[in-house]
Amino acid sequence: MTFDRRLFLQSAVLLMASAHVARAGAARTLSLWAGEELRHGHDDGTRAQALFFDPRGLARDPRDGAVLVADAANALIRRVGADGRVVTLAGAAEQRASVDGAAAQARFVGPDAVAVDADGAVYIADSFANTIRVLRDGIVRTLAGRAGEPGYADGVGAQAQFNHPIGLALRGDELLVADAYNHTLRAIEPGGRVRTIAGSPGVADHRDGALRQALFNTPVGLALGADGTLYVSEYFNHDLRRVAPHDVVSTLVGKPGEAGDADGTGEAARLRKPQQICVMPGSGDIIVADGGNQKVRRVTPAGAVHTLAGQGAQDRFELGALPGALVTPYGVAPAPGGGVLVSAGEALLLIAP
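The rules we used
- Residues numbered from 1 in each chain as written.
- Predicted model: local features only at pLDDT ≥ 70, side-chain atom pairs only at ≥ 80, totals over all residues.
- Heavy atoms only, no water.
- Helix = DSSP H or I, 4+ residues; strand = E, 2+ residues; numbered from the N terminus.
- Rg over C-alpha atoms; globule rule 2.2 N^0.38 Å.
- Contact = heavy atoms within 4.5 Å.
- Areas by Shrake-Rupley, 256 points an atom, 1.4 Å probe, with all protein chains shown as cover.
- Lys, Arg positive; Asp, Glu negative; His and termini not counted.
- Charge placed at Lys NZ, Arg CZ, Asp CG, Glu CD.
- Core = buried A, V, L, I, M, F, W, Y, C linked by side-chain atoms within 4.5 Å.
- Buried < 20%, exposed > 50% of the residue type's maximum accessible area, 1.4 Å probe, protein only.
- Pairing = 2+ DSSP bridges.

A.B. asks: Please give an account of the overall build of the protein chain that cites residues and values.
C.D. replies: Summing up its helical and strand segments, the protein chain has 1 helix and 30 strands in all. The C-alpha radius of gyration computed for the protein chain amounts to 18 Å, which stays within 12% of the reference 20 Å derived for 353 residues, consistent with globular compactness. For the protein chain, the spread of C-alpha atoms along the three principal axes comes to 50 × 50 × 35 Å. Long-range contacts, defined as pairs at least 24 residues apart, comprise 45% of the intrachain contacts of the protein chain with a sequence gap of at least 6. Surface accessibility of the protein chain: about 12700 Å² in total, with carbon and sulfur atoms responsible for 49%. Each charge class in the protein chain can be summarised by its mean position, and for the 34 positive and 38 negative side chains these summaries are 1 Å apart.

Here is the structure:
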């Protein structure tokens, strides 16, 4: 089973009739942080001037707190600095191709997720090219995968194949990848060697237990806790899985294969087509972009779920006092200064703490 999430997001945005603006940064609010909810483009500048086109995965730069954005339909990698300015780091607007080289000459097909290491290297899941790219010292190169060739293979660099890789997480010197349509979790060593660590290629299912025996159904989001726990969101299992540091997989939230919309704990909670996830510093809570429910949810490490923002299938933005309303949230990240950033529509929104 496949899905085109870009078309889904864009179609949903076109259905929206109005947008409501509220004070940015007020306590317990949903506010516009960068871009415009309904207007797409590729302008750089201040957060108020900048425009995006289907922004997706978000990541914080551990060095200075800047926010990296996989600007998918623009085929760009963008950076929102601590000074509030948006700049394009790599790619050319809507020039979709797979080209390595200097950042301004490099091209992407459809970047979906980003991760940043301690040295500032940016890892990119170029999902629609089926490759993993890296931007380091102003140069983009393909770390693993074959552009335009979806498939499954472990190996080094271009020997390896992915089928719509999405979620990324850095664990030590390894890059972990949620290989969505292969229903597997992969690991990439610094030299580009890819190996499968969980799941069975082509088998869309659900099985908890030892990591090597676990099965997944369209894993799309990855996030690593401070204790080494890996969290995995599954688009078609409608759940959140937990991989303990001793390599045992369990279901933290949701009932596998059963979509719904309910706060609660463990199996009593329901998600619908969850997208990207992140772990909040300090609390260790997991933030889930619950795309099918048009909500953002907070999950404690014990599996208690409550809704942060969104009122369900509203097909509109309603900014201001929480819960507000938002359309098809996709990427999430801890916000500079506290709270949660979420990509939705054509903009980045702030859920104030």
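A.B. asks: Go over the nonpolar core with me, naming the residues and quoting the values.
C.D. replies: Core analysis: the largest hydrophobic core is formed by 20 residues, its most contacted members being Ile287, Leu326, Leu349 and Ile351. The set of elements that each furnish at least two residues to this core consists of strand 24 (286–290), strand 26 (304–309), strand 29 (340–344) and strand 30 (347–351). Look past the residues within four positions of Ile287 in its chain and what remains in contact with it is Gln276, Ile277, Cys278, Met280, Val296, Arg297, Arg298, Leu308, Val332 and Val340. With 16 residues, the next largest nonpolar core counts Tyr123, Leu143, Ala144 and Ala160 among its residues.

A.B. asks: Could you give an account of the pairing of strand 26, naming the residues involved and the relevant values?
C.D. replies: As judged from the 2 bridges shared by strand 22 (residues 264–265) and strand 26, these two strands associate in the antiparallel manner. Each bridged residue has a counterpart across the sheet, and for Thr265 the counterpart in strand 26 is Ala304. By the bridge criterion, 4 bridges tie strand 25 (residues 295–299) to strand 26 in an arrangement that is antiparallel. Within strand 26, the position partnered with Arg297 by the bridge is Thr307. Between the antiparallel neighbours strand 25 and strand 26 lie 4 residues, among them Gly303 with a positive phi of about 95°.

A.B. asks: Go over unusual backbone geometry with me, naming the residues and quoting the values.
C.D. replies: One can expect most non-glycine residues to show negative phi and most peptide bonds to be in trans. For the bond running from Leu322 to Pro323, omega is 15°, close enough to zero to count as cis. Mapped onto the elements of the fold, Pro323 is located in the loop between strand 27 (320–321) and strand 28 (332–334). Unlike most non-glycine residues, Glu94 shows phi in positive territory, near 60°. With respect to the secondary-structure elements, Glu94 resides in the loop between strand 6 (85–90) and strand 7 (101–102). Looking at Glu94, the relative accessible area reads 41%, which means it is partly exposed. A positive phi angle is found at Gln294, which is not glycine, with a value near 55°. Locating Gln294 in the fold gives a position in the loop between strand 24 and strand 25.

A.B. asks: Before we move on, can you summarise the sheet that holds strand 1 (residues 29–35) with the specific residues and values?
C.D. replies: Spatial strand order, 27-1-30-29-28: 5 strands in an open sheet with antiparallel pairing. The open sheet has two free edges, formed respectively by strand 27 and strand 28, since each of these has just one partner strand. In this sheet, strand 27 lies alongside strand 1 in antiparallel orientation, the contact comprising 2 bridges. In the strand pairing of strand 27, Leu30 is matched with Gly320.

A.B. asks: Tell me about the pairing of strand 14 (residues 174–179), and name the residues and values.
C.D. replies: Counting buried residues in strand 14 gives 6 out of 6 residues, a clear majority hidden from the surface. By the alternation rule, side chains of strand 14 split into Glu174, Leu176 and Ala178 and Leu175, Val177 and Asp179, which are all buried. Turn length for the strand 13 (residues 165–171)-strand 14 hairpin, with the two strands adjacent in sequence and antiparallel, is 2 residues, and the turn residue Gly172 shows positive phi of about 65°. Here strand 14 runs beside strand 15 (residues 184–188); their pairing, made up of 5 bridges, is antiparallel. Bridge assignment links Leu175 to a residue of strand 15, and that residue is Ile188. Here strand 14 folds back onto strand 15, and the loop between the two strands holds 4 residues, one of which, His183, carries a positive phi near 60°.

A.B. asks: Hey, could you go over the environment of Asn163 for me, with residue numbers and the actual values?
C.D. replies: On the secondary structure map, Asn163 appears in the loop between strand 12 (155–156) and strand 13. Sequence separation between Asn163 and Ala121 is 42 residues, and the spatial gap between their C-alpha atoms is 24 Å.

Interpretation note: all reported values are geometric properties and have no functional meaning in isolation.
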